[in-house]
Amino acid sequence: MATSIFLSHPLFHFPPLSSKHHKIPTPKQTSAIIACHPSIKHTKKPFFNSHFPFPYKPRKEIWSISVGRTQIDDKDEILVGEDSAEFQLSKQKISSWVYFTGILGVVLYVLNVIWIDNSTGFGKSFIDAVSSISDSHEIVMLSLTLIFAIVHSGLASLRDKGEELIGERAFRVLFAGISLPLAVSTIVYFINHRYDGVQLWQLQSIAGLHELVWFSNFISFFFLYPSTFNLLEVAAVDKPKMHLWETGIMRITRHPQMVGQVIWCLAHTLWIGNSVAVAASVGLIGHHLFGAWNGDRRLAIRHGEAFEVVKNRTSVIPFAAIIDGRQKLPEDYYKEFIRLPYISITALTLGAYFLHPIMQAASYRLHW
């Protein structure tokens, strides 16, 4: 919930890559790719020979990855975005992960002292201040979500200017330092008050409902935004980047975090069935719908024509681009998910399910 707290032109056809092994071109390489296509109007003649990063001779391209391998056939389009969830063990530095572990420990310690611990932190005071707005748990829940949404999306919209002023790493620290405490407060309040409010329906005794809700929640975490997998960038160990992803879950929906949040909310609301759950879901889904629009706007500014190509062959609604033929899945598409980040997500999701009692007990002790 923390990461979650929060169709179009014909598909372009590009000439296949050469037989050499290339990585998927990054967005910076895409201007020449786009310029060479006859369906796009030009103000100047494209400089094919000097700027196009690959030979024009059509051949089959196979690009390698660490866990799982994807093949681009002659009929497939050149990917102008990046390969999501790619993790190459050979490129990892032990020192980077040591830094990551240290930073994570420091962040958790500071978060506990400054925000979570009721004797030293400001978390309870913040919850009390928001709760003073109304005696209604629904209004408080919506207010907490709205505050988080304004801060989180607001800072995201200011990312370009912020990075120019203070740098990518410093802005990431500022972004996380403000967003994380607000996310924790919203989550804890939801856990502590999820059974308050008016009971609207009671379906928990229906056979098979628990399994449906469990499976829906499990699937929702596979729609995590691929940037979440870049843990070293999240912790600012590596310089944070604004990626343009195109493979994996992005083929199904261009805004997987929004889709995952909708699935999560619907499943929890169906199970709990009261007004607080409805309020939380309305707030979270509304925030992520705005985030989808805002994300497209920001990607268009940052990546220009490359984003337009990706936008034209993907969709916000899951599977829509696949159904209408704008997105053609590779024959071995499943291999884009047989990667370490998705294996890790599977383990963490299962672990979170079994740790629900511990998470609930920790939330209750805060009395938020």
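Residues numbered from 1 in each chain as written. Predicted model: local features only at pLDDT ≥ 70, side-chain atom pairs only at ≥ 80, totals over all residues. Heavy atoms only, no water.

Enquirer: Lay out the environment of Leu-329 in plain terms, naming residues and giving numbers.
Expert: Tracing the chain through its elements places Leu-329 in the loop between helix H13 (320-323) and helix H14 (340-354). Residues Leu-329 and Gly-248, 81 residues apart in the sequence, show an inter-C-alpha distance of 9.7 Å. Once you skip the residues sitting within four places of it in the chain, Leu-329 turns out to touch Arg-251 and Ile-322. (Helix = DSSP H or I, 4+ residues; strand = E, 2+ residues; numbered from the N terminus. Contact = heavy atoms within 4.5 Å.)

Enquirer: I'd like to hear about the environment of Ala-362, residue by residue, with values.
Expert: In this fold, Ala-362 is placed in helix H15 (residues 356-366). The exposure class of Ala-362 is partly exposed, given its relative accessible area of 32%. As a C-alpha pair, Ala-362 and Val-188 span 174 residues in sequence and 8.8 Å in three-dimensional space. (Buried < 20%, exposed > 50% of the residue type's maximum accessible area, 1.4 Å probe, protein only.)

Enquirer: Please provide a residue-by-residue account of the pattern of salt bridges, values included.
Expert: Taken as a whole and assessed by the stated rule, the structure comprises 9 salt bridges. A salt bridge links Arg-159 to Glu-163; the nearest nitrogen and oxygen atoms lie 2.8 Å apart. Separated by 4 residues within a single helix, Arg-159 and Glu-163 lie in helix H6 (residues 159-166), roughly one turn from each other. The two residues Arg-159 and Glu-163 agree in class, both being buried. Of the charged contacts, one joins Arg-302 and Asp-160 as a salt bridge, the two residues approaching to 2.4 Å between their closest N and O atoms. Of the two residues, Arg-302 sits in helix H11 (residues 275-303) while Asp-160 sits in helix H6, which places them 142 residues apart along the sequence. Shared partners join several salt bridges into a network, and the residues in it are Arg-159, Asp-160, Glu-163 and Arg-302. (Salt bridge = Lys/Arg side-chain N within 4 Å of Asp/Glu carboxyl O.)

Enquirer: An account of H11 is needed here, citing residue identities and associated values.
Expert: For H11, built from 29 residues, the straight-helix expectation of 42 Å at 1.5 Å per residue is met to within 8% by its first-to-last C-alpha distance of 41 Å. The opening residue of H11 is Asn-274, an N-cap whose side-chain oxygen sits 3.2 Å from the backbone nitrogen of Val-276. Gly-304 sits one or two positions beyond H11 and adopts a positive phi of about 60°. (Expected span 1.5 Å × (residues − 1). Polar contact = N/O pair within 3.5 Å; in protein donor to acceptor, adjacent residues only side chain to side chain.)

Enquirer: Hey, could you go over the nonpolar core for me, with residue numbers and the actual values?
Expert: Among the nonpolar cores identified, the biggest contains 25 residues, and Phe-126, Ile-127, Leu-144, Val-184, Tyr-189, Phe-190 and Trp-368 are the most heavily contacted of them. Elements with a minimum of two residues in this core: helix H3 (94-116), helix H4 (123-131), helix H5 (137-157), helix H7 (168-193), helix H10 (256-272) and H11. At 6 residues, the largest contribution of residues to this core is made by H7. Not counting residues within four places of it along the chain, the set of residues in contact with Phe-126 comprises Trp-115, Leu-144, Ile-147, Leu-182 and Ser-185. Membership of the second largest hydrophobic core comes to 15 residues, among which are Ala-85, Phe-223, Val-259 and Tyr-342. (Core = buried A, V, L, I, M, F, W, Y, C linked by side-chain atoms within 4.5 Å.)

Enquirer: Tell me about the UniProt feature "transmembrane region" (unreviewed entry) in the chain, and name the residues and values.
Expert: UniProt annotation of "transmembrane region" (unreviewed entry) refers to residues 97-116, 139-158, 170-192, 212-237, 258-285 and 337-355 when read in the numbering used here. Secondary structure over residues 97-116 splits into 100% helix and 0% strand, and the C-alpha atoms at its two ends are 26 Å apart. Along residues 139-158, the helical share is 95% and the strand share 0%, with 28 Å between the first and last C-alpha atoms. (UniProt positions renumbered as here; feature names shortened; annotations may be inferred.)

Enquirer: Talk me through the packing of H4 against H5; I want residue IDs and the actual numbers.
Expert: Close contact between H4 and H5 brings their axes to 9 Å; oriented N to C, the two are set at 120°. Comparing the axis directions of H4 and H5 gives the class oblique. Between H4 and H5 the crossing geometry is right-handed. For the pair H4 and H5, contact is made by Phe-126, Ile-127, Val-130 and Ser-131 and by Val-140, Ser-143, Leu-144 and Ile-147, respectively. (Axes fitted to C-alpha atoms, helices over the stretch in contact; angles between N-to-C directions. Parallel < 35°, antiparallel > 145°, perpendicular 65-115°, else oblique. Left-handed = near helix turned anticlockwise from the far one by under 90°.)

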